[in-house]
Amino acid sequence: MSKEWDILHTTTMPVIALRGLTVFPNVLIHFEVAREISVRALEAAMTAGSPVFLVGQKDIGVEGPGAKDLYQVGTISNIRQILRMPGDNVRVMVEGQSRGRLLQLLRNEPHLEGEVQEISIADPPARSSAKIEALMRSTYELFQDYAELAPKLAPDLLVHVLASQDPGHIADYIAQNIPMRNSDKQSILEELRPGRRLEKLHRLLEREVEILSLDQEIQERAREQVNEHQRDYYLREQLKAIQTELGEEADEIEEYRERIAQAKLPDEVREKLNKELGRLAKQSYSSSESSVLRSYLDICLELPWGKKTREKVNVAAVKKVLDQDHFGLDKVKERILEFVAVKQLSPELKGQIICLVGPPGVGKTSVAMSMAKAMNRKLARISLGGVSDEAEIRGHRKTYVGAMPGRIINAINQAQSCNPLILLDEIDKLSYDHRGDPASALLEVLDGEQNTTFRDNFLEIPFDLSDVLFITTANTTDTIPRPLLDRMEMIELSSYTDEEKVQIAKKHLLPKELKRHGLTKAQLKVSDGALREIISAYTRESGVRVLERRMAAVCRKAAMKVVSDGVKAVRVSEKDLEAYLGVPRYHPERQALGERVGVVNGLAWTSVGGELLEVEVNVVPGSGKVELTGNLGDVMKESAHAALSFIRSRAGQLNVPADFYKEKDIHVHFPEGAVPKDGPSAGIAITTAMVSALTGVPVRRGLAMTGEVTLRGRVLPIGGLKEKTMAAFRNGIKTVIIPADNAKDLEEIDQTVRKALRFVLVEQASQVLAQALNRPVEAVPPRRRGRPRKSEAMPAVPPASQGEGGSRVSQ
């Protein structure tokens, strides 16, 4: 088997490391040499009259290359000419003689010298001649295409390639004379078989031709765009000159001028827009400034200047719509009807901003939508949850790229009316960061004295918001800044009672879900008992959102039966609910059934309504440590320590061992430890639980309590009584102990809740213990005689019977 190459003798010769250059055999090339070791290698070769070995360097950044920095295959070359250049550079002309392999590098100083083995290429086998001939022809065609695409390619290169019949020389010659990655050239140099070498060059040449084609296409496209822009610019300049001579204006400018004249604009706004139009007329059509001005004029002229809907201020009509859309909410409806009545008597009344506050799902957003429908105002809703950028309210300066007006102006534009109802949803969830405080930006919007000249950063012109009816919604007022809160009138929406939820489900939710699921009233009937069971056993919420989802689940099951089983009508009673909704999730009566030692039902307020909060106390032998667990805040921890101090001061009266704080460890725990808890209103519950655990006296069943306790045992008033009593009612509690100073708040409690619960008003912790524990732990001194307190005389509390321990009971 014959080889395509022969390895000849080995010779020691100077070595020059080439950076970014590859030299091929039988090719004449000149290049500059700058490194001192390379210049010395040239001088040594000229002095000895020997060839020099030119080999590529792998990393061109290495100044002092060693054997590992050089490729193995290079070119043995003869030096034809050396020319000294200004400075230390040398220009040399060499002719490649043959390929060579660097066996080892003998020395690095004063120049590189190595042992080089010459490689001579033999003729290719005859059996491959047809294939090679085809490959050569294809290479000729590719190189011709390359010569047409490549800039500044010498014409004699193509002639030289076409005149050669040696595939190896063709590959070497083309690789030497066209720009190509150095690694690709090195791979061609290292390929010793001429046929394979030409194949490799063919692939690389195909890629280069494709790259040049794409490059030329990109340049041509860019040239066309530039020419088009230049042509457009020249034509417009000529048109502008002609129009100036004839006294005519462009159609676009005339159109803007006509729109400004027809719009019902204030004088200040009209003057500003005409000024901007004059600037636009002086700009080139394709300039960036003209596009900014065009966008500005379009947005300003799209606003509904002077456009208003005819408002309906009929109290009876508004009441009819509110009653159709919502069940209950009597106080909210009453306040809205009062607003409409005043508007009916005084149509010019402005600056009304209402804030609807309540738990999720009680109908805040839908009430605002019903108001818009009843008063014939356009509705625009703005969700403020998570907004942290002031520019969201006021807009961006029009000079910024992508600038746009703020949400207020966008809402006006969306409504296409100057007197819409704008719903600012979730105003309590605004935040702020380095980009500004949107709540501060809303101060001007929601101030009736200032919003007559509201200036958006984008518009830079005043817009009158005094005719806009702003309705805001929030779950809590705690996170709303005080200056913003002062600008709004609060209307509280409380939690729904179970009976209200039943009526809402019958009149609103069930018909809505039947329609959504393609069912008729005849196909699905849900009994009142089933609705009450769904509310009590499958939901635990202040609103009706979860209830709506449960109704949807029942409708889906019923639709499945109608479609799959061919059932014509489905009836759902309380006995069937497990098949539709699964096992009941809540057991309202379970918490109030048993008498337990050291466990008291407290009442808590949350932003989503009231909750029943158990307090558990365990007493074990120890050294007097007090452990507080359940993710408690500092205020609640202080309440626990205040309760403990009160018990220690009354240990004898409470039948508690006097040294319990030395020999007993007390652990106070609030279940649901993942939920943060804080506030002072659990004080009497903690006190009662500690006394129960220390004395072994159980707490009465069906009882809950709320109130702050002091070191002297006084019970102080608390907030959120309405929501807390609603939570007690939902959980089957029968008796609620509250501070006497909260008697005035009983008027605000829903009548259904008030009739179902027995309220005990207390002033001292001893009165709480007398009511809560199964036996009195101390005798309470009788009340002092004299003028009754204000809380006793209030009509909110009916005449009370003297309860155990002298506390007053309201039922």
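Residues numbered from 1 in each chain as written. Predicted model: local features only at pLDDT ≥ 70, side-chain atom pairs only at ≥ 80, totals over all residues. Heavy atoms only, no water.

## Details of the overall build of the chain
Of the regular secondary structure elements, the chain holds 27 helices and 26 strands. Computed over C-alpha atoms, the radius of gyration of the chain comes to 46 Å, more than 25% over the 28 Å expected from 2.2 N^0.38 for 811 residues, which places it beyond the range of a compact globule. A principal-axis box enclosing the C-alpha atoms of the chain has dimensions of 135 × 90 × 70 Å. For the chain, with 811 residues in total, the buried portion stands at 47%. The long-range share in the chain, meaning contacts at least 24 apart out of those at least 6 apart in sequence, stands at 73%. On the chain, roughly 40800 Å² of surface is accessible, and the fraction owed to carbon and sulfur atoms is 50%. Separation of charge centres in the chain, based on 112 positive and 113 negative side chains, amounts to 9 Å. (Helix = DSSP H or I, 4+ residues; strand = E, 2+ residues; numbered from the N terminus. Rg over C-alpha atoms; globule rule 2.2 N^0.38 Å. Buried < 20%, exposed > 50% of the residue type's maximum accessible area, 1.4 Å probe, protein only. Contact = heavy atoms within 4.5 Å. Areas by Shrake-Rupley, 256 points an atom, 1.4 Å probe, with all protein chains shown as cover. Lys, Arg positive; Asp, Glu negative; His and termini not counted. Charge placed at Lys NZ, Arg CZ, Asp CG, Glu CD.)

## A short note on the sheet that holds strand β12 (residues 469-474)
Strand order in the open sheet formed by five strands is β8-β9-β12-β7-β13, and the pairing between neighbours is parallel. The sheet is open, and its two borders are formed by β8 (379-383) and β13 (489-492), each paired with just one other strand. On average, each strand axis in the sheet is tilted by 20° relative to the strand beside it, whichever way the strands run. In terms of strand pairing, strand β7 (residues 353-357) meets β13 through four bridges, oriented parallel. In the sheet register, V357 faces β13, and the bridge partner there is E492. Strands in contact with helix α11 (residues 330-345) are β7, β12 and β13; relative to β13, the strand with the most contacts, it is inclined by about 145°. With respect to the sheet, helix α14 (residues 407-415) is in contact with β8 and β9 (421-425), its orientation differing from that of β8 by roughly 155°. (Pairing = 2+ DSSP bridges. Axes fitted to C-alpha atoms, helices over the stretch in contact; angles between N-to-C directions.)

## Some remarks on the packing of helix α21 (residues 634-649) against helix α23 (residues 683-695)
Interhelical geometry of α21 versus α23 gives an angle of 45° and a closest axis separation of 9 Å. Regarding the angle of α21 to α23, the classification is oblique. The way α21 lies across α23 gives a crossing that is right-handed. In this structure, α21 uses M636, S639, A640, A643, L644, F646 and I647 to contact α23, whose residues at the interface are G683, I686, T687, M690, V691 and L694. (Parallel < 35°, antiparallel > 145°, perpendicular 65-115°, else oblique. Left-handed = near helix turned anticlockwise from the far one by under 90°.)

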